[in-house]
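# Chains, contacts and geometry: an overview
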Amino acid sequence: MDEFSRRSLLSVSAAGVVVAASAAHAASFGNPDLPPEGAMNVTNKHALTDPGPQDPGLANYMPSFLSPPATDVNGMPQFWTSFNLAPKRIQDGGWARQITRNDFAISTTIAGVNMRLGAGGVRELHWHQQAEWAVMTYGNCRVTIIDQEGRPAVADVKEGDLWYFPAGLPHSLQGLGPDGCEFVIAFDNGESSEFNTLLVTDWLAHTPPEVLARNFGVPAEAFKNIPLQNRWIFQGKEPPPHSDVEKAIAAVAGKPSFPFEFNLAGMPPNRTTKGGTVQIADSTNFRISKTVAAARLTIKPGGMREMHWHPNADEWQYYIKGTGRMTVFNTGPAAITADFHAGDIGYVRKALGHYIENTGKTDLVVMEIFKADRFEEISLTDWLAHSPPEMVAETLNLEPSVIAQFPKNRPDIMPV
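Now for a description of the structure that goes with this document. (Residues numbered from 1 in each chain as written. Predicted model: local features only at pLDDT ≥ 70, side-chain atom pairs only at ≥ 80, totals over all residues. Heavy atoms only, no water.)

We now examine unusual backbone geometry. A cis geometry characterises the amide bond from G332 onward to P333, with omega recorded as -5 degrees. On the secondary structure map, P333 appears in the loop between β19 (323–330) and β20 (334–341). The omega torsion of the bond from M414 to P415 falls at 0 degrees, within 30 degrees of zero and hence cis. One non-glycine residue with positive phi stands out, namely N397, at about 55 degrees. For N397, the position within the fold is in the loop between α8 (389–396) and α9 (400–403). A positive phi angle, near 70 degrees, is found at D412, a position not held by glycine. Here D412 shows up in the loop between α9 and β25 (413–414). (Helix = DSSP H or I, 4+ residues; strand = E, 2+ residues; numbered from the N terminus.)

Pasting the structure below:
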């Protein structure tokens, strides 16, 4: 190697050391990536502006998308959507809107429906190929069902209550006074659609009159006024008292073994901390609910749903009240943050780390819904607090005294 080449190589090597040292200095606590991410690392502030076409109202709804923290990196499938942006189907008696996998590609396990029925409004007699789980968010509703043993049931449900109808069991819904109801349905299949259900009106209209006569044991003429198109939602009369209906539908087979409704909001919390509460409904206490487990989170202002993941199922979230922010972590590394408001939906794939912060001044209420028979969770703090302290200290460069202060026994919501 001649002297010129040797000097050139040394110069390049030295420059590489300088660049490496500079880059290494750039990576720091709270700003870990190279090249660095986030607005805090932009030197030309004009590069942060958005002079092109935009809708400020929509853009400002999601500040974490516009200016993510420096700890966000790379990308992942969109895990935010909203009923607020879904079109309504409106008929006399009420309306519904839905978010299925066709609208929200990541949501493979759950399809969601938001429905409103006025007082007397009826979601006609029908059934599904999928199980139907629902949470009441407003008012009062009457639900009826019959199970595979021929045992009927009727229940009046209110805000905070749940119901669960196993796949294939026929049922109906009707809004009660004074102002009907609103609720959110979760089907245990992301491909399900509220607008493609098995309806009693459709079947009768598409059955020959002589078959109807033989099936029901009455003259065919008795069916001459049946609807020729399905009713889906229609305005009916306000129903009789619950006790009268219960007597009218009673069967020799008796009542179902387990109730189809559950008072989630009224149950004692499974976890209570200074940061909020967690109430869980799965097949251990809501016995009929074999394919859907759920948790209701109430996070106080300044509180946080701790860093955790779920080992047994994807998580479909429905934000009922308040404002929040969620970050999801994946391999790569990848970390993305999104903002949530009432009516929004979030989705976290099985085993991906995440946490939720209350960013508002009122309680944040969130439903976590899983296609599973049991609610399962791994808490990051609980895992580290119950791992060998020396191993945790060496892995994370932490003092053992710091590790000893980690919360134990899965607090769920911080602060403890």
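Read on, since the account is not over.
The residue D363 is located in the loop between β22 (353–358) and β23 (364–370) in this model. Sequence spacing of D363 and T137 is 226 residues, and the spatial spacing of their C-alpha atoms is 15 Å. If we skip the residues at most four places from it in the chain, D363 touches T298, I299, K300, P301, K321, G322 and N358. (Contact = heavy atoms within 4.5 Å.)

So, about the pattern of salt bridges. Pairing between side chains becomes possible if they bear opposite charge and their charged atoms approach one another. Here the structure, examined in full by the defined rule, presents 17 salt bridges. Between R305 and E368 there is a salt bridge whose closest N-O contact spans 3.2 Å. Of this pair, R305 sits in strand β17 (residues 304–309) while E368 sits in strand β23, and the two are 63 residues apart along the sequence. Judged by its relative accessible area of 0%, E368 is buried. By sharing partners, the salt bridges in this structure join R271, R305, E368, E377, R410 and D412 into a single network. (Salt bridge = Lys/Arg side-chain N within 4 Å of Asp/Glu carboxyl O. Buried < 20%, exposed > 50% of the residue type's maximum accessible area, 1.4 Å probe, protein only.)

A word on the packing of aromatic side chains. Taken as a whole and assessed by the stated rule, the structure comprises 13 aromatic pairs. Centroid distance Y61 to W80: 6.3 Å. Interplanar angle 65 degrees. Geometry classified as edge-to-face. Within this pair, whereas Y61 is found in the loop between α2 (56–59) and α3 (63–66), its partner W80 is found in strand β1 (residues 80–82), the two being separated by 19 residues in sequence. A relative accessible area of 24% places Y61 in the partly exposed class. On the basis of relative accessible area, W80 is assigned to the buried category, the value being 11%. (Phe/Tyr/Trp six-rings, centres within 6.5 Å; stacked < 30°, edge-to-face > 60°.)

As a further point, take the sheet that holds strand β16 (residues 293–299). If you trace the seven strands from one edge of the open sheet to the other, you get β1-β21-β18-β23-β16-β15-β14, paired in antiparallel fashion. Because the sheet does not close on itself, it has two edges, and the strands there are β1 and β14 (271–273). Direction aside, neighbouring strands of the sheet carry axes that sit 20 degrees apart on average. The pairing of β16 with β23 spans seven bridges and is antiparallel. Residue pairing across strands places A295 opposite E368, the latter belonging to β23. (Pairing = 2+ DSSP bridges. Axes fitted to C-alpha atoms, helices over the stretch in contact; angles between N-to-C directions.)

In short, the description is geometric, and any link to function would need to be established separately.
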